[in-house]
Amino acid sequence: MNPNAEKASIDRVVAEVERMGSRAHISAGKFRTVIGAIGEEGQLDQNHLASLDGVEKVVPIMKPYKLASREFHEDDSVVEIGGGSVPKVKVGGPHAACIAGPCAVENEEMLNRIARHVRDGGASILRGGAFKPRTSPYSFQGHGETALKWMRACGDELGMPICTEVMDTRQVELIERYTDAFQIGARNMQNFDLLREVGKTRKPVLLKRGLAATVKDWLLSAEYVLSQGNQGVILCERGIKTFEDSIRYTLDVTSIPVANQWSHLPIIVDPSHAAGKRDYVCSLALAGMAAGAHGIIVEVHYCPAEAQCDGPQALLPEVFKELMNQLRQIGAILKKEFADAAVPA
Ligand code: PEP
Ligand code: MN
């Protein structure tokens, strides 16, 4: 729409888009409103739309992902995690964020200890798995709702929003009650029903890249969430399967500038799952940040040997703290600033 388009003109375009059988998606920017028409291209009479009052131009988005594309939303999106009982943390554009914590929430005491370590080291969001996707059905599967309660209490006490994985549509309602952000795991990137279900909520979604997904597949998965009206999608590059077997996965650093070019969505990097081994975690985090990521999600443990899950890749708290110092410096070069850690409780 023209920058000065009146509300009546916007309403008229929305009504016309809907009359032609598409869904209208309104994105009100600082300077102008963009109306997305979501549906079959053939159904839309573009000339008619272009002739309506207040319409500046009609742009067909050729990319298969529409709402996720830069064509639809030129500026970087900024996603806010938290609010309510904890401060809001911004991710995207000039805002970088660090999400840190244990792989799995194994007991309340370890969670509280690790949470204090990561907060003191500079993380602004607490991670931790209550429901774990494990390769073997006999491995520790997580403490479920009990762990969610521990996380909520811990996040509230330390002033940190929390982020935890949802694996199944049946868990969405429960997890939504506790968490500030959903994590969709790599193995669920194409669980389309799950994507739609979290899309119906208004909590941000951290969408990990699938183990064998292309950047296009990944953005189409983001589109599933966006298409339900949830605009809070954060992409997460966590490594893909390649022929290389010296590391757990191969961190595809290239996907970061590609995703940044194709999409307005914030993107963070997960060096822990890509590396599988703590020796490599810092280098990958720095590389991801240098390539244009808006932060990291990283696993930390004060005694990795005790961890039931992903101990070998957990950073020690003092190493994490030093990594954050380095990441802040790279951030400064690239005009991205990490939020200050919450004020100690
Ligand atoms: C995790 O974050 O602990 C996890 C299981 O990640 P991914 O889905 O990337 O393997
Ligand atoms: Mn893990």
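Refer to the structure presented above.
Note that this is a predicted model, so its numbers are computed, not measured. (Residues numbered from 1 in each chain as written. Chains lettered and ligands numbered in written order. Predicted model: local features only at pLDDT ≥ 70, side-chain atom pairs only at ≥ 80, totals over all residues. Heavy atoms only, no water.)

Draft legend 1. The arrangement of the layout of surface pockets in detail. The space that makes up the second largest pocket amounts to roughly 260 Å³. Lining the second largest pocket are 19 residues, with P133, R187, R248, H273 and D310 sitting closest to its centre. Its residues assigned to classes, the lining of the second largest pocket comprises four nonpolar, six polar and nine charged. (1 Å grid on protein atoms, 1.4 Å probe; cavity = no way out; pocket = protein on both sides within 12 Å on 5 of 7 lines; lining within 4 Å. Points joined across faces, edges and corners; volume = space filled by probe spheres on them. Nonpolar A, V, L, I, M, F, W, Y, C, P; charged D, E, K, R; others polar.)

Draft legend 2. Seen up close, the site of ligand 1. Neighbouring ligand 1 are 13 residues, the closest being R127, K132, A186, R187 and R238. One nitrogen or oxygen atom from the side chain of Q183 is found 2.9 Å from an oxygen atom belonging to ligand 1. Taken by itself ligand 1 offers 300 Å² of open surface, and the protein chains cover 97% of this. A molecule is said to occupy a pocket when more than half its atoms come within 2 Å of that pocket's grid points, and by this definition ligand 1 occupies the second largest pocket. Considered class by class, the residues forming the shell around ligand 1 number three nonpolar, three polar and seven charged. (Near = heavy atom within 4 Å. Polar contact = N/O pair within 3.5 Å; in protein donor to acceptor, adjacent residues only side chain to side chain. Areas by Shrake-Rupley, 256 points an atom, 1.4 Å probe, with all protein chains shown as cover. Sits in = over half its atoms within 2 Å of the grid points.)

Draft legend 3. Examining the coordination of the manganese ion (ligand 2) more closely. Taken together, C103 (SG), H273 (NE2), E299 (OE) and D310 (OD) make up the full set of protein donors to the manganese ion (ligand 2), lying 2.0 to 2.4 Å away. Mapped onto the polypeptide sequence, the residues donating to the manganese ion (ligand 2) form the spacing pattern C-x169-H-x25-E-x10-D. Within this pair, whereas H273 is found in helix α9 (residues 271–275), its partner D310 is found in the loop between β12 (295–299) and α11 (317–333), the two being separated by 37 residues in sequence. Taken as a pair, H273 and D310 share a single burial class, namely buried. (Donors = N, O, S within 2.8 Å, 3.2 Å for Na, K, Ca; no water. Helix = DSSP H or I, 4+ residues; strand = E, 2+ residues; numbered from the N terminus. Buried < 20%, exposed > 50% of the residue type's maximum accessible area, 1.4 Å probe, protein only.)

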